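An overview of the molecular structure
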Amino acid sequence: MTKATSEKSSLELSPKKWQGVKPIPLALTFAVGLAIWFSPAPETIPIKGWHLLAIFVATIVGIMSKLLPMGGVAFLSLAVAALTGTLTIKEALSGFGEDVIWLIVIAFFIARSFIKTKLGLRIAYYFLKVFGASTLGIAYALVGCECLLAPFIPSMTARLGGILYPIIQSITLSFDSHPHTPSAKKMGSFLTLVAFQSNAITAAMFLTAMAGNPLIVKLAEGMGITISWGTWAAAAVVPGILSLIIIPYIIYKVSPPQIKVTPNAKKEAKKSLAALGPISFHEQIMVGTLVFLILFWIMGPGIGISSTTTAFVGLSILLVTGVLQWSDIVNEKGAWETFAWFSVLLALASFLKTLGVIDYFSQLTVSNIHGLSWPVAFFALNVIYFFSHYFFASNTAHIGAMYAAFLSVAIILGAPPLLSALSLAFVSNLFGCLTHYATGPAPVLYGAGYVKMREWWLVGLLVGIINIVIWLGVGSLWWKLIGIW
């Protein structure tokens, strides 16, 4: 072996070149997982359920400690679950077939087509032309768009991931704010966080703004409580508007954009629009496709066409007309990375319910709440229900697992039925603020690369606390005023 070859080999084996797991995160992840795995399992939880809880918690620790890239941690968890017999390989892979996963993936492709055709850039310049005096003004403009779309599009992912996210991305790029770089703090991280948090708030404001909300109405009806669209909207309007006003400003303070004032933005936007020239043929196709998507995301569920089916048809239109090439689909790295890690997390979280883990902790909560006065129990149930979402990767799954149990306990303890049903309904949307896997659009926006995980979780926790104060505090006073209780 020559000296050069020897030096090259030693370099390749050098710890500085090691790209695998890091010792401290590895030790922490396995310590947490093994501690739960070998601790005594409650009698009502099957041993597989307890082991799955250990794997799930260890997965979150591994992600937070950056044991591996997120997809790597997810695949490691999948392997452990299958190898130990905690889940069959078919069960571990079940998340890859969920329709919400494909809706998320297609949202990435739609965003790519906005950029490729420059329609997103054109829309961004229109936004800047009207609201471009400040970054905060742009943020509130996006919030306004979200609020207008929410009553008509019952998919959070379609609304934010398919429509608003491409516009946000175009705006940030126009200010030279790029993902996965320090320039993300110029504008991209702030607008991403505002858009994500406002998405959860508007979902809480309208019965038709989130796919799981009709399930809430059905579960409440089973207990003799009627919630109409108007009742829901009337109860949500005051706390909802307060949250939409306060939360963007709070994010502006705790995660401020480096570009705050854009005095020349309106003037430059006019020049840029002129430079783009007339709308192109592919842009016209994009506009038509967007109109199609919005119409069928609104009307589709009523005629048996799901949001994901609509998204596939829209994507097919873009492929057939040449707006997107198959190579664009294959090379959309963020979409496939998100597809990998979110599918695994969704499967793990789903089987926590199937194997009785969620039911056990629900019953444990219920048993500890008994004996409290109804106002104290009412507040405690809502808060516990809110923060238990750290163990879920879907609002609808969380509702199906815990909403009815928590509502029945609140009523048994003397809380007004309609008050309890509505407060838990609002929380069923608001808890989507917490993590990068909490709702459908969360992986889309997190996968864009503008916000680091630590910031995402810290902002999510802060916003969660503020929303609890607004909705259970000011909201309760409003609900008393309008006769909810």
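Residues numbered from 1 in each chain as written. Predicted model: local features only at pLDDT ≥ 70, side-chain atom pairs only at ≥ 80, totals over all residues. Heavy atoms only, no water.

Identification of the chain as Anion permease from Simkania negevensis is taken from an unreviewed UniProt entry. Under the Subcellular location (unreviewed entry) heading, UniProt states for the chain: "Membrane". (UniProt positions renumbered as here; feature names shortened; annotations may be inferred.)

This part takes up helix α15 (residues 307–320). With 14 residues, α15 should cover 20 Å at 1.5 Å per step; its first-to-last C-alpha distance of 20 Å lies within 8% of that length. What α15 keeps buried is the set Ser307, Thr308, Thr310, Ala311, Gly314, Leu315 and Leu318. Projected onto a plane normal to the axis of α15, the buried residues spread over an arc of 155 degrees and lie on a single side. After α15 finishes, the residue Gly322 shows a positive phi value of roughly 80 degrees. (Helix = DSSP H or I, 4+ residues; strand = E, 2+ residues; numbered from the N terminus. Expected span 1.5 Å × (residues − 1). Buried < 20%, exposed > 50% of the residue type's maximum accessible area, 1.4 Å probe, protein only. Arc of directions from axis to C-beta.)

Okay, the side chain of Ser307 next. Position of Ser307 among the secondary structure elements: in helix α15. Ignoring anything within four residues of it in the chain, the contact list for Ser307 reads Leu103, Ser155 and Trp297. (Contact = heavy atoms within 4.5 Å.)

Turning our attention to the environment of Thr262. Checked against the element boundaries, Thr262 lands in the loop between α12 (229–254) and α13 (265–276). Given the relative accessible area of 4%, Thr262 is considered buried. Considered as a pair, Thr262 and Ser77 are 185 residues apart in the sequence and their alpha carbons are 46 Å apart. Residues within four places of Thr262 in sequence aside, it is in contact with Gly132, Ala133, Ser134 and Phe175.

On to the side chain of Asn429, then. Tracing the backbone shows Asn429 in helix α21 (residues 417–430). A distance of 3.1 Å separates a polar side-chain atom of Asn429 from the backbone oxygen of Ala425. (Polar contact = N/O pair within 3.5 Å; in protein donor to acceptor, adjacent residues only side chain to side chain.)

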